[in-house]
Amino acid sequence: MKSLPFLNPAAGTPAVRNSWRPAVIVPTQAIDADELAAECAAAAAAAATGIVDAVEWRIDPLLVVASGSAQGGVHRSVHSLAEAALRLLPGALSAGLSILLTVRTGFEGGQVEITEDDYAEVVRELIAGVADVEADAGTAAGTGPTGTAASGVPSNASWGVPVAVDIEIDRAESRSLIASAREAGVPIVASHHNFESTDSSERLLKTFAAMSEAGADVAKVAMMPQAPADVLRLLEATAAADASLPVPVLGISMGSLGRSSRIMGADFGSCATFAQIGQASAPGQIEASVLAEILDRITG
């Protein structure tokens, strides 16, 4: 198992202290500043007690609300939608935990129905905004509040908190987006989800390899098992990818049938697992405190 590459060492979270322990990522689907700050603060409190390592902020619900679309589509300008998320980002960063920004599309089980072009533009704007804030923090470290970054995002140079962006590898512009992120120095989790079944071993291995070849910092797949053998196939592919690829991998089998992958995934090479504090973002997520207790017992 390789370590999740965008952990915040300063936070001293469980996976930072114990290299044998997979990172525990908890989701938030907050759509306003108060909710986001509160949920990230709750995650930070859980980190302090040895439970959580990072937060995934699923911004697809925010994009739906910001667009004013009851049907989950994108109607407002793509720039304004990305800006809505970036303006709330300081509330997430203030908790001190690494943040994974995710636009989960309707193509892969998310809440926002979005075209390929609009998805690419939103993610490109997110990458640019994150890069601006990180650059601002790097040039003015320790000087306190610095007002507004070039992207128009309120910034604070004292954060120094890593922010990664999820890119769905099956989107038309995924490789171009990953290249843009690498150029900007923004960590990328390439992802592929199947909420209906589990891909074949061959396809799983090809997907992991394609993510690595595209330049992703983490290669993630999440499958829905229909039988125990599907969970085994996912874990076998994850182990093979971890052994053969230079990047950390993350393999998840969803639903109640796949919960063993969330607990024992690190033994098969998974660098992280997803758990819940409050609302789950995918089927089968385990309560973070329960999962942390299990991981502490099995990883020492």
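Residues numbered from 1 in each chain as written. Predicted model: local features only at pLDDT ≥ 70, side-chain atom pairs only at ≥ 80, totals over all residues. Heavy atoms only, no water.

Undergrad: Where do I start with the environment of Ala66 in this structure?
TA: With respect to the helices, strands and loops of the structure, Ala66 is situated in helix H3 (residues 60-67). Residue class for Ala66 comes out buried when judged on its relative accessible area of 13%. Taking the C-alpha atoms as reference, Ala66 lies 6.3 Å from Leu81; in sequence the two are 15 residues apart. (Helix = DSSP H or I, 4+ residues; strand = E, 2+ residues; numbered from the N terminus. Buried < 20%, exposed > 50% of the residue type's maximum accessible area, 1.4 Å probe, protein only.)

Undergrad: Would you explain the pairing of strand E7 (residues 188-194) in this entry?
TA: A regular strand places its side chains so that they alternate between the two faces of the sheet. Of all the seven residues making up E7, seven are buried; the element is thus mostly covered by neighbouring parts of the structure. The alternating pattern of E7 places Ile188, Ala190, His192 and Asn194 and Val189, Ser191 and His193 on opposite faces, both of which are buried. Of the pairings in the sheet, the one linking strand E6 (residues 163-168) to E7 comprises four bridges and is parallel in character. Bridging across to E7, Glu168 finds its partner in Ser191. Summarising the sheet, E7 and strand E8 (residues 218-223) pair through six bridges and their orientation is parallel. Residue pairing for E8: Val189 is matched across the bridge by Val218. Viewed along the sheet, the connection from E7 through helix H7 (residues 201-214) into E8 turns out right-handed. (Pairing = 2+ DSSP bridges. Right-handed = clockwise from strand over helix to strand, strands pointing away.)

Undergrad: In this structure, what is going on with the sheet that holds E7? I would like to understand it.
TA: Spatial strand order, E9-E8-E7-E6-E3-E2-E1-E10-E11: nine strands in an open sheet with parallel pairing. A single partner strand is all that each edge strand has here, and the edge strands are strand E9 (249-253) and strand E11 (286-287).

Undergrad: Mind showing me how you'd approach H3 here?
TA: Given 3.6 residues per helical turn, the α-helix brings residues three or four places apart onto the same face. Within H3, seven of the eight residues are buried, leaving the element largely enclosed by the surrounding structure. Restricting attention to buried positions, one finds in H3 the residues Asp60, Pro61, Leu62, Leu63, Val64, Ala66 and Ser67.

Undergrad: Can you help me understand the nonpolar core in this one?
TA: Nonpolar side chains in soluble globular proteins tend to end up buried together. Trp57, Ile99 and Leu101 are the most contacted members of the largest nonpolar core, which has 74 residues in total. The residues contacting Leu101, other than those within four sequence positions of it, are Trp57, Ile59, Leu89, Leu126, Val130, Val163, Ala164, Val165 and Asp166. Membership of the second largest hydrophobic core comes to 20 residues, among which are Leu4, Ala15, Ala54 and Val218. (Core = buried A, V, L, I, M, F, W, Y, C linked by side-chain atoms within 4.5 Å. Contact = heavy atoms within 4.5 Å.)

Undergrad: Looking at this structure, I do not really get the packing of helix H2 (residues 33-48) against helix H4 (residues 78-93). What am I missing?
TA: Between two packed helices, the angle of one axis relative to the other and the distance separating the axes together describe the packing. Put simply, H2 and H4 touch, their axes get as near as 8 Å, and they point 30 degrees apart. Between H2 and H4, the interaxial angle falls into the category roughly parallel. Viewed along their axes, H2 and H4 form a crossing whose handedness is right-handed. Contacts from Ala33, Leu36, Ala37 and Cys40 of H2 reach H4 at Leu88, Gly91 and Ala92. A breakdown of the residues in the contact of H2 with H4 according to their chemical character gives six nonpolar, one polar and no charged. (Axes fitted to C-alpha atoms, helices over the stretch in contact; angles between N-to-C directions. Parallel < 35°, antiparallel > 145°, perpendicular 65-115°, else oblique. Left-handed = near helix turned anticlockwise from the far one by under 90°. Nonpolar A, V, L, I, M, F, W, Y, C, P; charged D, E, K, R; others polar.)

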